Amino acid sequence: ELKVEQNPLFLSMQEGKNYTIYCNYSTTSDRLYWYRQDPGKSLESLFVLLSNGAVKQEGRLMASLDTKARLSTLHITAAVHDLSATYFCAVGPSGSARQLTFGSGTQLTVLP
Amino acid sequence: DAGITQSPRHKVTETGTPVTLRCHQTENHRYMYWYRQDPGHGLRLIHYSYGVKDTDKGEVSDGYSVSRSKTEDFLLTLESATSSQTSVYFCASTGDSSNQPQHFGDGTRLSIL
């Protein structure tokens, strides 16, 4: 059974600071996705990571994937208040019918 | 983004009543999914479909059934709702390429009293 662990679960940070969210998973996977969810809203796709060493960047967010370590990171650079949201990683086991297993989410609050 | 809509958006019902949630997508996606979201649990997969009339169970399928008679529609049914099924339900869809993330509907907030 695939298990996906995110940490931290809650993150409060000051504007302008940097931080990293970690996503560990338990079995072989060939695809990992990051999503953002604002309170009361749907999930929005941020990044698709499909190979070892993949790195994607969008604005102040950068995601990377290390399939050998079964680890993905979401790095936040110079945080701003608009980044406050819950971030989920989701992992698809190799050979599955495109199902995903989601982490519990990291609730990020950026303080002024 | 994929056009995916859920109905109803909110529903309050009583224990023991049947409930059907609807998901409609306009992207001709092959795969569709139903999740529930509860505090502390992230999203958990209830059922999924990999084609018309092809469905399978997810992690938390007990008490739920699904049907997919057309590519664009995926129904989730609670045959006899229980209070433990109070949750926010999300539908998602995706195509055949791994480059495509799952695209989510806006969710249905279901309260069972």
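Residues numbered from 1 in each chain as written. Chains lettered and ligands numbered in written order. Predicted model: local features only at pLDDT ≥ 70, side-chain atom pairs only at ≥ 80, totals over all residues. Heavy atoms only, no water.

A. Summary view of the overall build of chain B. Across its full length, chain B holds 0 helices and 11 strands. In chain B, the order of α-helices and β-strands from amino to carboxyl end is β-β-β-β-β-β-β-β-β-β-β. In terms of overall dimensions, chain B is globule-like: its C-alpha atoms have a radius of gyration of 13 Å, near the 13 Å expected for 113 residues. For chain B, the C-alpha atoms occupy an extent of roughly 40 × 30 × 25 Å along the three principal directions. Taking as baseline every contact in chain B between residues at least 6 positions apart, the subset at least 24 positions apart corresponds to 55%. Taken as a whole, chain B presents about 5300 Å² of accessible surface, with 44% of it coming from carbon and sulfur. Here chain B carries 11 positive and 13 negative side-chain charges, and the mean point of each set is 3 Å from the other. (Helix = DSSP H or I, 4+ residues; strand = E, 2+ residues; numbered from the N terminus. Rg over C-alpha atoms; globule rule 2.2 N^0.38 Å. Contact = heavy atoms within 4.5 Å. Areas by Shrake-Rupley, 256 points an atom, 1.4 Å probe, with all protein chains shown as cover. Lys, Arg positive; Asp, Glu negative; His and termini not counted. Charge placed at Lys NZ, Arg CZ, Asp CG, Glu CD.)

B. Geometry of the layout of surface pockets. Here the largest pocket defines a volume of roughly 660 Å³. What lines the largest pocket is a set of 31 residues, and nearest its centre among them are Gln37(A), Thr86(A), Phe88(A), Gln107(A) and Gln37(B). Taken together, the elements giving at least two residues each to the lining of the largest pocket come down to strand 9 (85-93) and strand 11 (106-111) of chain A together with strand 4 (31-38), strand 9 (87-94) and strand 11 (108-112) of chain B. Per element, the largest residue contribution to the lining of the largest pocket is 4 residues, and it comes from strand 11 of chain A. Considered class by class, the residues forming the lining of the largest pocket number 9 nonpolar, 16 polar and 6 charged. Reported here for the second largest pocket is a volume of approximately 420 Å³. Lining of the second largest pocket is provided by 19 residues; of these, Glu1(A), Leu2(A), Thr101(A), Phe102(A) and Glu59(B) occupy positions nearest its centre. Elements supplying a minimum of two residues to the lining of the second largest pocket: strand 1 (4-7) and strand 10 (101-102) of chain A together with strand 5 (42-51) of chain B. Of the residues forming the lining of the second largest pocket, the biggest block, 3 residues, is contributed by strand 5 of chain B. Tallied by class, the residues present in the lining of the second largest pocket amount to 7 nonpolar, 7 polar and 5 charged. (1 Å grid on protein atoms, 1.4 Å probe; cavity = no way out; pocket = protein on both sides within 12 Å on 5 of 7 lines; lining within 4 Å. Points joined across faces, edges and corners; volume = space filled by probe spheres on them. Nonpolar A, V, L, I, M, F, W, Y, C, P; charged D, E, K, R; others polar.)

C. Focus on empty space enclosed by the protein. One pass over the full model with this rule turns up 1 cavity of 30 Å³ or more. For the largest cavity, the calculated volume is near 30 Å³. Lining of the largest cavity is provided by Arg31(A), Tyr33(A), Arg98(A), Leu100(A), Tyr33(B), Thr94(B), Gln100(B), Pro101(B) and Gln102(B). A breakdown of the residues in the lining of the largest cavity according to their chemical character gives 4 nonpolar, 3 polar and 2 charged.

D. Inspection of the interface of chain A and chain B at higher detail. Each partner contributes residues to the interface: chain A has 18 residues there, and chain B has 22 residues. Taking both sides of the interface into account, the surface hidden between chain A and chain B amounts to around 1600 Å²; carbon and sulfur atoms contribute 56%. Contact with chain B buries area across many residues of chain A, yet Ser42(A), Arg98(A) and Phe102(A) alone supply 34% of it, more than any other trio. On the surface where chain A and chain B come into contact, there are 0 salt bridges. For the side of chain A that touches chain B, the secondary structure elements donating two or more residues are strand 4 (29-37) and strand 5 (43-49) of chain A. The biggest single contributor to the side of chain A that touches chain B is strand 4 of chain A, with 4 residues. When the residues that make up the side of chain A that touches chain B are grouped by side-chain class, the tally is 9 nonpolar, 6 polar and 3 charged. (Buried area = accessible area lost by both parts, 1.4 Å probe. Salt bridge = Lys/Arg side-chain N within 4 Å of Asp/Glu carboxyl O.)

E. Local environment of the nonpolar core. All names here are of chain A. One finds Leu-32, Trp-34, Leu-74, Ile-76, Tyr-87 and Leu-108 to be the most contacted residues of the largest nonpolar core, which totals 25 residues. Of all the secondary structure elements, the ones that give two or more residues to this core are strand 2 (10-14), strand 3 (19-25), strand 4, strand 5, strand 7 (61-66), strand 8 (71-76), strand 9 and strand 11. Top contributing element to this core by residue count: strand 9, with 4 residues. Residue contacts for Leu-108: discarding those within four places in its chain leaves Leu-11, Met-13, Ile-76, Leu-83, Ser-84, Ala-85 and Tyr-87. (Core = buried A, V, L, I, M, F, W, Y, C linked by side-chain atoms within 4.5 Å. Buried < 20%, exposed > 50% of the residue type's maximum accessible area, 1.4 Å probe, protein only.)

F. The arrangement of the sheet that holds strand 3 of chain A in detail. All names here are of chain A. Taken in spatial order, the 5 strands make up an open sheet running 1-3-8-7-6, and their pairing is antiparallel. The sheet is open, and its two borders are formed by strand 1 and strand 6 (55-58), each paired with just one other strand. Each adjacent strand pair in this sheet contributes to an overall mean axis angle of 15°, direction not counted. As paired strands, strand 7 and strand 8 are joined by 6 bridges and run antiparallel to one another. Directly across from Asp-66, in strand 8, lies its bridge partner Leu-71. (Pairing = 2+ DSSP bridges. Axes fitted to C-alpha atoms, helices over the stretch in contact; angles between N-to-C directions.)

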